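Spelled out from the first residue to the last, the chains are:
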Amino acid sequence: YLWLMRTALLTRMRKRLGLSFVMIKLSWALLMLGLATGLAVLLEAPVPNGPALFGFLVLVGWLLTFLMGVLQRIMPFLASMHAAGKGGTPPLLSDLTAEGPLKIHAVCHIAALLTCSAGLLLDAPVFVTVGAAVGLIGSIAFAAFAGLVVIRIGQKNRH
């Protein structure tokens, strides 16, 4: 899978893919890290909180990060296709995408991943709590992005 995705990225027509693909590429790295952690747990290596860290890296690190990257990319696209209607031209994706909330979300998501992972490795619940709070801020920023897509598509439909 990762080899095919690498090949697809190397042969793509569009060279600048934006923040969404930073998240997607990060998710691939976290998938590999999660699988390595799972293997270490299977081999009974001394990984502090290994099973919990494995679950966190695979579910939150890989899956949630991948999903957020895909949603950043597909939500404005689907909204623009919905707004086009019969015979109309769709609005530009850049007109529907709010970069500010996406940047806040990405920074908070990555910070939350690092902080929660450190909390699991160090067996420090306060780190996990702080990471969860930072993740909440990131999720609010992502909700703002989604809300702005809806608001902007509504504005385009009125004109």
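Our structure is the block above this text.
The sections below set out a description of the structure shown in this document. (Residues numbered from 1 in each chain as written. Predicted model: local features only at pLDDT ≥ 70, side-chain atom pairs only at ≥ 80, totals over all residues. Heavy atoms only, no water.)

**Section: helix H5 (residues 99–122)**
Across its 24 residues, H5 extends 34 Å between first and last C-alpha, which sits within 8% of the 34 Å expected from 1.5 Å per residue. For H5, every residue scored as buried is listed here: Pro101, Leu102, His105, Ala106, Cys108, His109, Ala112, Leu113, Cys116, Ser117, Gly119 and Leu120. One or two positions beyond H5, positive phi appears at Asp123, with a value near 55 degrees. (Helix = DSSP H or I, 4+ residues; strand = E, 2+ residues; numbered from the N terminus. Expected span 1.5 Å × (residues − 1). Buried < 20%, exposed > 50% of the residue type's maximum accessible area, 1.4 Å probe, protein only.)

**Remarks on the environment of Ala98**
Along the polypeptide, Ala98 turns up in the loop between helix H4 (93–96) and H5. Once the C-alpha coordinates of Ala98 and Arg152 are considered, the two residues, 54 residues apart in sequence, prove to be 9.5 Å apart. Discounting residues that sit within four places of it in the chain, Ala98 has contacts with Phe145, Leu148 and Arg152. (Contact = heavy atoms within 4.5 Å.)

**With respect to the packing of aromatic side chains**
Summed over all chains, the structure comprises 1 aromatic pair. A centroid spacing of 5.4 Å and a plane angle of 55 degrees characterise the contact between Phe142 and Phe145, whose relative ring orientation is tilted. With Phe142 and Phe145 both in helix H6 (residues 125–158) and 3 residues apart, this pair spans about one turn of that helix. Assigned by exposure class, Phe142 and Phe145 land together as buried. (Phe/Tyr/Trp six-rings, centres within 6.5 Å; stacked < 30°, edge-to-face > 60°.)

**Let's talk about the nonpolar core**
Counting 11 residues, the largest nonpolar core is built from Met23, Met68, Ala79, Ala83, Leu96, Leu102, Ala106, Phe142, Phe145, Val149 and Ile153. Looking at this core, the elements that each hand over two or more residues are helix H3 (50–84), H5 and H6. The biggest single contributor to this core is H6, with 4 residues. Here Met23 is in contact with Thr65, Met68, Gly69, Gln72, His105, Ala106 and His109, once residues within four sequence places are set aside. If you look at the next biggest cluster of nonpolar residues, it comprises 7 residues, including Phe56, Leu57, Cys116 and Leu120. (Core = buried A, V, L, I, M, F, W, Y, C linked by side-chain atoms within 4.5 Å.)

**Points about a nonpolar patch on the surface**
On the surface, Val70, Ile74, Phe77, Leu78, Met81 and Leu93 cluster together to form a nonpolar patch covering roughly 470 Å² of accessible area. It is H3 that provides the largest number of residues to the nonpolar patch, a total of 5 residues. Within the element layout of this structure, Val70 appears in helix H3. The class for Val70 is partly exposed, based on a relative accessible area of 30%. (Patch = residues over 30% accessible without salt bridge, like charges linked within 9 Å, V, L, I, M, F, W, Y side chains within 5 Å. Areas by Shrake-Rupley, 256 points an atom, 1.4 Å probe, with all protein chains shown as cover. Salt bridge = Lys/Arg side-chain N within 4 Å of Asp/Glu carboxyl O.)

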